[in-house]
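Below, each chain spelled out in residue letters.
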Amino acid sequence: MNDTYSFLRRILTPIALALLVFAGWSQAAEPQPAGVQPEAEKLLRRMSDYLASRQQFTAKAESTLEVVLTSGQKLQFDSPATLMVSRPNKLRANRQGVIANQEFFYDGKTLTLYNPKENLYATAAAPPTIDEMLDFARQKLDVIAPASEILYKNAADKMLKEASSGFVVGPSVAAGVKCTHLAFRGGEVDWQIWIEDGDKPLARKFVLTSKKVAGEPQFTIVIRNWDVTPKLTNAEFNFTPPKGAKKIEFLQLTAEAAKPQPK
């Protein structure tokens, strides 16, 4: 352990010093602007409009949830995730991991949340569009998908609504792709987004920082694969209960998902 710590210190110390130098230079040469920088808003709206124009798309991502212990130490939990969307009223999302292990189905009429580990599911009648369904899930069922704002037809408006400032950090790389890095501040949450350069301005990375939670934990999504021309059918969005699956209420299901999973 000591050898590992010494190795990491030798590697990280020069990196940290370089970052400090860069941060000091950046603040002296180009201070963070007040309000949302027009170029940052323009890039965000370009991403929003492009994804809204896609009738169907799929994505494969990796999410990292940070948890702060009472001691102040931070732990991270990774979950692979997949997403399928067919506008205006079909959505399916799967997440697998210790903290979240769920499958989400929306077929235009019903919304279903399935926990494969416990073989439990809950179903509710849902509004007729993805935008309305996402609002319904959040407000009525307490089912919140972090970073789901990018799925709305008016994603940029949703994301900018609570932003007090925002600016272009500069060129960067996310998910192995050349991007432009944007950073925004809000009252309760700060967030960053990396948007792919070129003619497909897709979100490649998204980071939320919860400022009102002790330790300011972060939630990170890295989207490694987008397909904006898939051939999806209605079958992908229909839920058929597996053998032995038990139907319960949404409140019970979300409470069950929040329990620590046994090792």
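The shown structure was predicted, so the numbers you read here are calculated from the model rather than taken from an experiment.

(A) Summary view of the pattern of salt bridges. Throughout the structure, instances matching the rule amount to 10 salt bridges. Between Lys158 and Asp135 there is a salt bridge, with its nearest N and O atoms 3.4 Å apart. Taken together, the residues Lys158 in helix H4 (residues 155-160) and Asp135 in helix H3 (residues 130-140) connect sequence positions 23 residues apart. In this structure Asp135 comes out as partly exposed when scored by relative accessible area, which is 22%. The salt bridge involving Glu149 is made with Arg138; its shortest N-O contact spans 3.8 Å. Of this pair, Glu149 sits in the loop between H3 and H4 while Arg138 is found in helix H3, placing the two residues 11 residues apart along the sequence.

(B) Representation of the pairing of strand S5 (residues 102-106) in the model. Burial runs high along S5: 5 of the 5 residues are buried. Across the two faces of S5 the burial is the same, with Gln102, Phe104 and Tyr106 and Glu103 and Phe105 all buried. The pairing of strand S4 (residues 90-95) with S5 spans 5 bridges and is classified as antiparallel. When the bridges of S5 are listed, Arg95 appears paired with Gln102. The hairpin turn running from S4 into S5, its antiparallel successor, is 6 residues long. Inspection of the sheet shows S5 paired to strand S6 (residues 110-115) by 4 bridges, in the antiparallel sense. The residue bridging Phe104 from the neighbouring strand is Leu113, located in S6. Between S5 and S6, which pair antiparallel one after the other, the connecting turn spans 3 residues, and Gly108 there sits at a positive phi close to 100°.

Criteria and cut-off values
Residues numbered from 1 in each chain as written. Predicted model: local features only at pLDDT ≥ 70, side-chain atom pairs only at ≥ 80, totals over all residues. Heavy atoms only, no water. Salt bridge = Lys/Arg side-chain N within 4 Å of Asp/Glu carboxyl O. Helix = DSSP H or I, 4+ residues; strand = E, 2+ residues; numbered from the N terminus. Buried < 20%, exposed > 50% of the residue type's maximum accessible area, 1.4 Å probe, protein only. Pairing = 2+ DSSP bridges.

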